[in-house]
Amino acid sequence: MILENETIQLRPYILEKDNLTLRREYLEWIQDYNNIEYINSISLLMNDSLDFIESSFSRFTSKNSQGFFIYHKSSKKFIGTAKLDKIDFFRQSGEFGIMIGEQNFKRQNIGTLSMELILDYSFRILGLHRVWGGCAVNNIGMQKLFEKFNFKEEGRQRESIYINGIHQDGVLYGLLNKEYKEKYNDKM
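Everything quoted here is computed from the prediction, not taken from an experiment. (Residues numbered from 1 in each chain as written. Predicted model: local features only at pLDDT ≥ 70, side-chain atom pairs only at ≥ 80, totals over all residues. Heavy atoms only, no water.)

Asks: Could you give an account of the overall build of the chain, with specific residues and numbers?
Replies: A tally of helices and strands in the chain yields seven helices and nine strands. Over its C-alpha atoms the chain spans a radius of gyration of 16 Å, differing by no more than 12% from the 16 Å that the globule rule assigns to 188 residues. In terms of overall dimensions, the chain has C-alpha extents of about 45 × 40 × 35 Å along its principal axes. When the 188 residues of the chain are sorted by exposure, 46% land in the buried category. For the chain, restricting intrachain contacts to residue pairs at least 6 apart in sequence, the fraction spanning at least 24 positions comes to 60%. Counting every atom, the chain has about 10100 Å² of accessible surface; 47% of that belongs to carbon and sulfur. For the chain, the centre of its 25 positive side-chain charges and the centre of its 25 negative side-chain charges are spaced 3 Å apart. (Helix = DSSP H or I, 4+ residues; strand = E, 2+ residues; numbered from the N terminus. Rg over C-alpha atoms; globule rule 2.2 N^0.38 Å. Buried < 20%, exposed > 50% of the residue type's maximum accessible area, 1.4 Å probe, protein only. Contact = heavy atoms within 4.5 Å. Areas by Shrake-Rupley, 256 points an atom, 1.4 Å probe, with all protein chains shown as cover. Lys, Arg positive; Asp, Glu negative; His and termini not counted. Charge placed at Lys NZ, Arg CZ, Asp CG, Glu CD.)

Asks: I'd like to hear about the pairing of strand 6 (residues 93–100), residue by residue, with values.
Replies: Of all eight residues in strand 6, seven are buried, a share of seventy percent or more. With seven bridges joining them, strand 5 (residues 77–88) and strand 6 adopt antiparallel strand pairing. Bridge assignment links lysine 83 to a residue of strand 6, and that residue is glycine 97. The hairpin turn running from strand 5 into strand 6, its antiparallel successor, is four residues long, and glutamine 92 in that turn takes a positive phi close to 60°. Where strand 6 and strand 7 (residues 130–136) come together, three bridges link them in parallel fashion. Bridge pairing in strand 7 places serine 93 opposite arginine 130. As a crossover connection, the stretch from strand 6 through helix 5 (residues 110–125) into strand 7 is right-handed. (Pairing = 2+ DSSP bridges. Right-handed = clockwise from strand over helix to strand, strands pointing away.)

Asks: Provide a residue-level description of the packing of helix 5 against helix 6 (residues 140–148), including the pertinent values.
Replies: Interaxial distance between helix 5 and helix 6 falls to 10 Å at its minimum, and their mutual angle equals 40°. With respect to each other, helix 5 and helix 6 are oriented oblique. In this structure, helix 5 crosses over helix 6, and the sense of that crossing is right-handed. On helix 6, the residues that touch Gly111, Thr112 and Met115 of helix 5 are Leu145, Phe146 and Lys148. Partitioning the contact of helix 5 with helix 6 into residue classes produces three nonpolar, two polar and one charged. (Axes fitted to C-alpha atoms, helices over the stretch in contact; angles between N-to-C directions. Parallel < 35°, antiparallel > 145°, perpendicular 65-115°, else oblique. Left-handed = near helix turned anticlockwise from the far one by under 90°. Nonpolar A, V, L, I, M, F, W, Y, C, P; charged D, E, K, R; others polar.)

Asks: Describe the side chain of threonine 112, with residues and values.
Replies: Here threonine 112 shows up in helix 5. With near-sequence residues (within four places) excluded, threonine 112 lies in contact with Leu145, Lys148 and Phe149.

Asks: Mind laying out unusual backbone geometry, listing which residues take part and the relevant values?
Replies: Although it is not a glycine, asparagine 109 adopts a positive phi angle of roughly 75°. For asparagine 150, which is not glycine, the phi dihedral falls at a positive 70°. Here asparagine 150 lies in the loop between helix 6 and strand 8 (152–163). On the basis of relative accessible area, asparagine 150 is assigned to the partly exposed category, the value being 27%.

Asks: So what about the nonpolar core? Which residues, and what values?
Replies: Within the largest apolar cluster, 33 residues are counted, with the highest numbers of intra-cluster contacts made by Leu10, Ile70, Phe96, Met115, Leu119, Phe146 and Phe151. Top contributing element to this core by residue count: helix 5, with eight residues. Dropping the residues within four chain positions of it, methionine 115 is found in contact with Phe96, Leu145, Phe146, Phe149 and Phe151. If you look at the next biggest cluster of nonpolar residues, it comprises 15 residues, including Tyr13, Leu22, Ile30 and Phe69. (Core = buried A, V, L, I, M, F, W, Y, C linked by side-chain atoms within 4.5 Å.)

The structure is reproduced here in structure tokens:
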């Protein structure tokens, strides 16, 4: 299912499985330290082959992990990824994540547009009870995105993230379906 608004489409990985150009772009995105610095996975930088991309496609097309490529309509360009990962249908929860791979699309409201689509999909289509996510304490942009959508800080993992030689706290956020409905009731 393609999720979209006026500006972007979130295209499921499965629809782009044969797009070799996009696979190469995706590999370039995850090899760019500016893109993955706050993801806290140095292993992403270590992967220099399309085999890693193939395993990502396998992961993000599974029942418990749905990945989307962010397609910017007016520029006709793929610009990043968004995911609903670690989906637990028994507990009715999933983890949100996003990476804007194209540098000139950062700070262009793409995170907000993507979050709107993922939350609507998570709560209205999948019927999840809770969407959660986390970020490094100094990832101010991601914290603002969570707070913009009324996510609540649920806890901290002290000095659990290591970025640029510094240990820092990881901040965990969560949003319940009822909180989403309270805020966006007129849209539903």
